[in-house]
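Chain and residue survey
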Amino acid sequence: MKNVQKAPGAALPGSAEWKQRPERSNMFWLRVMTWISLRLGRRASRFVLYGIAAYFLAFAPAARRTSRNYLQRVFKLPAPAAVSWRQLFRHFLSFASVIHDRVYLVNDRFELFDIRIYNEALIEAIMADGQGVFLLGAHMGSFEVLRAIGRKQPGLRVAMAMYEENARKINAALGAINPNAQQDIIALGHIDSMIKVHDLLAQGSVVGMLGDRSLGNDATRAVEFLGASAELPLGPFRMAAIMKRPVLFMTGLYRGGNRYDIHFETLADFSTVAPHGRTLAVQTAMRRYAELMEQHCHSAPYNWFNFFDFWQATVASQSKPSSSIT
């Protein structure tokens, strides 16, 4: 691979910055943490999280820098330097807490949590016609708490659509936490990916996707987010439009202690949008998505887990793939 000169915080050409970051965890330590968590219990094992948060605070300068930039925006501080070490630590601790709780959620230990659901009627109304629901989430809070919905509705199938590399990592992580855990994952980028998504929706399943990260070489569109322009991938919104289904925004916010708040919000309804109107409908949905992310960031500021420069300089729109929807 050729050496590429890049400014600090900028993504390498053709690849997203978040993919360039080396992973600090591996399957061995994830299994160790799972063993400790399940043997000692949630309250006792949570003490380990303070060490993890302190480690990131001390030895992860890139994550510390991007956390500082985000916190400056969400708290409307005059400069990144105004963000305190206490705020940085709390951000990392929230992230560690959500990852830790995944151990219990994947093992169906819902009794450990106080999970509150807001606007549940939205998802119930859409599913009343026997069709599935398309959910768009973000790297905010926990998507695993969605399993709590499945517990209330036995037989409900929840699938995640994601890029193949991410699907491989998620499967490996779930296997380390609970070898018996079942997670439907649709790997995108294959000829039959869209068919699988369509079939699941037709069967009344919930299909979720995270819409706030680009692989770096897919089409994006700039939206206003926390006071500056940020690029969002078009792919998830295009897929939702092609499926011709109502779409909900979903986030599972960690509120501290053992509490999670699941929020459903109306995002878009593509069921009656004609093909020639998809481009405008997708653009409107992306703006709405950014507004909802911003709303929930202000509500739970330490739940934003994109530890890379989300507002990085991007390639001029003229050099990007076309954003038309056909």
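Everything here concerns the structure above.
To keep things clear, this report deals only with the structure shown in the data block.

About the criteria used
Residues numbered from 1 in each chain as written. Predicted model: local features only at pLDDT ≥ 70, side-chain atom pairs only at ≥ 80, totals over all residues. Heavy atoms only, no water. Pairing = 2+ DSSP bridges. Helix = DSSP H or I, 4+ residues; strand = E, 2+ residues; numbered from the N terminus. Axes fitted to C-alpha atoms, helices over the stretch in contact; angles between N-to-C directions. Contact = heavy atoms within 4.5 Å. Core = buried A, V, L, I, M, F, W, Y, C linked by side-chain atoms within 4.5 Å. Buried < 20%, exposed > 50% of the residue type's maximum accessible area, 1.4 Å probe, protein only. Salt bridge = Lys/Arg side-chain N within 4 Å of Asp/Glu carboxyl O. Parallel < 35°, antiparallel > 145°, perpendicular 65-115°, else oblique. Left-handed = near helix turned anticlockwise from the far one by under 90°. Nonpolar A, V, L, I, M, F, W, Y, C, P; charged D, E, K, R; others polar.

**Here's the deal with the sheet that holds strand β9 (residues 259-269)**
Reading across from one edge, β1-β9-β8-β2-β5-β3-β4 is the order of the 7 strands in this open sheet, with mixed pairing throughout. Edge positions in the open sheet fall to β1 (114-118) and β4 (184-188), since each of these has one partner strand only. Neighbouring strand axes in the sheet, compared pairwise and without regard to direction, differ in orientation by 30° on average. Judged from the 3 bridges that link them, strand β2 (residues 133-137) and strand β8 (residues 246-254) form a sheet pairing that is parallel. Among the inter-strand pairings, F134 is bridged to a residue of β8, identified as V247. Against the sheet, helix α7 (residues 120-127) makes contact with β1, β2, β5 (206-210), β8 and β9, and its axis sits at roughly 50° relative to β9, the strand it touches most.

**Here we look at the nonpolar core**
The biggest cluster of nonpolar side chains holds 95 residues, and the ones touching the most others in it are F134, F225, F264, F270, Y289 and M293. Setting aside residues up to four positions removed in sequence, F264 forms contacts with I117, Y118, N119, E120, L122, I123, L135, L146, I149, L248, F249 and M250.

**Quick word on the pattern of salt bridges**
If charged atoms from side chains of opposite charge come close, those side chains can pair. Scanning the entire structure with this criterion turns up 6 salt bridges. Here K196 ties to D192 by a salt bridge, and the two come within 3.7 Å at their closest N and O atoms. For D192, a relative accessible area of 33% translates into the label partly exposed. When salt bridges with common partners are traced through the structure, they connect R255, R259 and D261 into a single cluster.

**Observations concerning the packing of helix α11 (residues 235-243) against helix α12 (residues 278-299)**
At a minimum axis separation of 10 Å, α11 and α12 run at an interaxial angle of 125°. Classified by the angle their axes make, α11 and α12 are oblique. The interaxial crossing formed by α11 with α12 has right-handed handedness. Contact residues: F237, R238, A241 and I242 in α11; R278, V282, A285, M286 and Y289 in α12. When grouped by side-chain class, the residues that make up the contact of α11 with α12 number 7 nonpolar, no polar and 2 charged.

**Quick notes on the environment of A96**
Positionally, A96 belongs in helix α6 (residues 85-106). For the pair formed by A96 and I52, sequence separation is 44 residues and the distance between their alpha carbons is 7.0 Å. The residues touching A96, leaving out its near neighbours within four places in the chain, are L49 and I52.

**Details of the packing of helix α4 (residues 47-59) against α6**
Relative to each other, α4 and α6 sit at 130°, their axes nearing to 8 Å. Classified by the interaxial angle, the pair formed by α4 and α6 is oblique. In this structure, α4 crosses over α6, and the sense of that crossing is right-handed. Contacts between α4 and α6 involve L49, Y50, I52, A53, A54, F56 and L57 on the former and, on the latter, W85, L88, F89, F92, L93, A96, S97 and H100. Taken together, the residues that form the contact of α4 with α6 break down as 13 nonpolar, 2 polar and no charged.

**Thoughts on unusual backbone geometry**
At K76, a position not held by glycine, the phi torsion is positive, near 55°. Inspection of the secondary structure assignment puts K76 in the loop between α5 (61-74) and α6.

**Let's talk about the environment of L77**
Residue position: L77 is located in the loop between α5 and α6. Overall, L77 belongs to the partly exposed group, its relative accessible area being 24%. The contact partners of L77, leaving out residues within four places of it in the chain, are L71, Q72, A82, V83 and Q87.

These figures come from the coordinates and say nothing about function on their own.
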